[in-house]
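Working through the structure, step by step
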Amino acid sequence: VIGSGAQLLGPIRVGDGSRIGANAVVVRDVSAGATMVGVPAREVQPKISQLTMGPPAAFAEPARPDEQLNREIENIKARIARLEKQGQRSEPSYNWGGGHDVKH
């Protein structure tokens with residue numbers, strides 16, 4: 001991943017899974033899994049193994065639309081069930097300032 005405005009000066013090699021921050025100026029090769037920031041760019045965190053890192057979240061394969069929709073439907077069903085359960089426990093009452101509770 002190469003951030004917006006980053007500049008690579010010269011014949012620079014960028015290793016797999018590396019990240020270059022926005023507006024960084026890279027003047028030397030970037031090893032695999034490295035995160036580079038600054039002017040001149042420097043490594044800011046230890047290299048992460050490609051086996052444990054996987055793709056950056058921004059470039060990960062999104063869930064299939066039908067899977068995402070099914071998850072959302074299940075979340076809505078669970079919320080409806082929770083709300084219905086709350087409604088069965090007690091009826092809400094409102095005090096409008098007159099000293100009398102109004103039940104709905």
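As a reminder, the structure under discussion sits directly above these lines.
This text gives an overview of the structure that appears in the document. (Residues numbered from 1 in each chain as written. Predicted model: local features only at pLDDT ≥ 70, side-chain atom pairs only at ≥ 80, totals over all residues. Heavy atoms only, no water.)

Details of the overall build of the protein chain
Looking only at helices and strands, the protein chain features two helices and seven strands. When the helices and strands of the protein chain are placed in sequence order, the string is β-β-β-β-β-α-α-β-β. Out of the 104 residues belonging to the protein chain, those deemed buried represent 14%. Put simply, 8% of the contacts in the protein chain that link residues at least 6 apart link residues at least 24 apart. For the protein chain, the accessible area works out to roughly 8,300 Å², and carbon and sulfur atoms hold 55% of it. (Helix = DSSP H or I, 4+ residues; strand = E, 2+ residues; numbered from the N terminus. Buried < 20%, exposed > 50% of the residue type's maximum accessible area, 1.4 Å probe, protein only. Contact = heavy atoms within 4.5 Å. Areas by Shrake-Rupley, 256 points an atom, 1.4 Å probe, with all protein chains shown as cover.)

Some details on a nonpolar patch on the surface
Where nonpolar side chains cluster on the molecular surface, the patch consists of Ile2, Leu8 and Val14 and spans about 220 Å² of accessible area. According to the relative accessible area criterion, Val14 is partly exposed, its value standing at 35%. (Patch = residues over 30% accessible without salt bridge, like charges linked within 9 Å, V, L, I, M, F, W, Y side chains within 5 Å. Salt bridge = Lys/Arg side-chain N within 4 Å of Asp/Glu carboxyl O.)

Some thoughts on the nonpolar core
Counting residues in each nonpolar core, the largest one holds eight residues, listed as Ile12, Ile20, Ala24, Val26, Val30, Ala34, Met36 and Ala41. Those residues in contact with Val30 that sit more than four places away from it in its chain are Arg13, Val14, Gly15, Ser18, Ile20 and Met36. (Core = buried A, V, L, I, M, F, W, Y, C linked by side-chain atoms within 4.5 Å.)

Considering the side chain of Ser18
Residue position: Ser18 is located in the loop between β1 (7-8) and β2 (19-20). On the basis of relative accessibility, which here comes to 3%, the residue Ser18 falls in the buried class. For Ser18, the side chain forms a polar contact with the main-chain oxygen of Gly15, separated by 2.6 Å. Sequence-distant contacts of Ser18, defined by excluding residues within four places in its chain, comprise Val1, Val30, Ser31, Gly33 and Ala34. (Polar contact = N/O pair within 3.5 Å; in protein donor to acceptor, adjacent residues only side chain to side chain.)

As for the pattern of salt bridges
Under the definition given, this model contains one salt bridge. Of the charged contacts, one joins Glu74 and Lys77 as a salt bridge, the two residues approaching to 3.7 Å between their closest N and O atoms. Pair noted here: Glu74 and Lys77 are both in helix α2 (residues 65-89), with a separation of three residues, about one helical turn. The partly exposed category is assigned to Glu74, whose relative accessible area is 46%.

Brief notes about unusual backbone geometry
For the bond from Val39 to Pro40, the omega torsion is -10°, close enough to zero to count as cis. Among the structural elements, Pro40 can be located in the loop between β4 (35-37) and β5 (42-45). With a phi close to 65°, Asn23 is a non-glycine residue in the positive phi region. With respect to the helices and strands, Asn23 occurs in the loop between β2 and β3 (25-26).

Side note on the side chain of Thr35
On the secondary structure map, Thr35 appears in strand β4. Since its relative accessible area comes to 12%, Thr35 is described here as buried. One polar contact links Thr35 to Arg19, side chain to side chain, over a distance of 2.8 Å.

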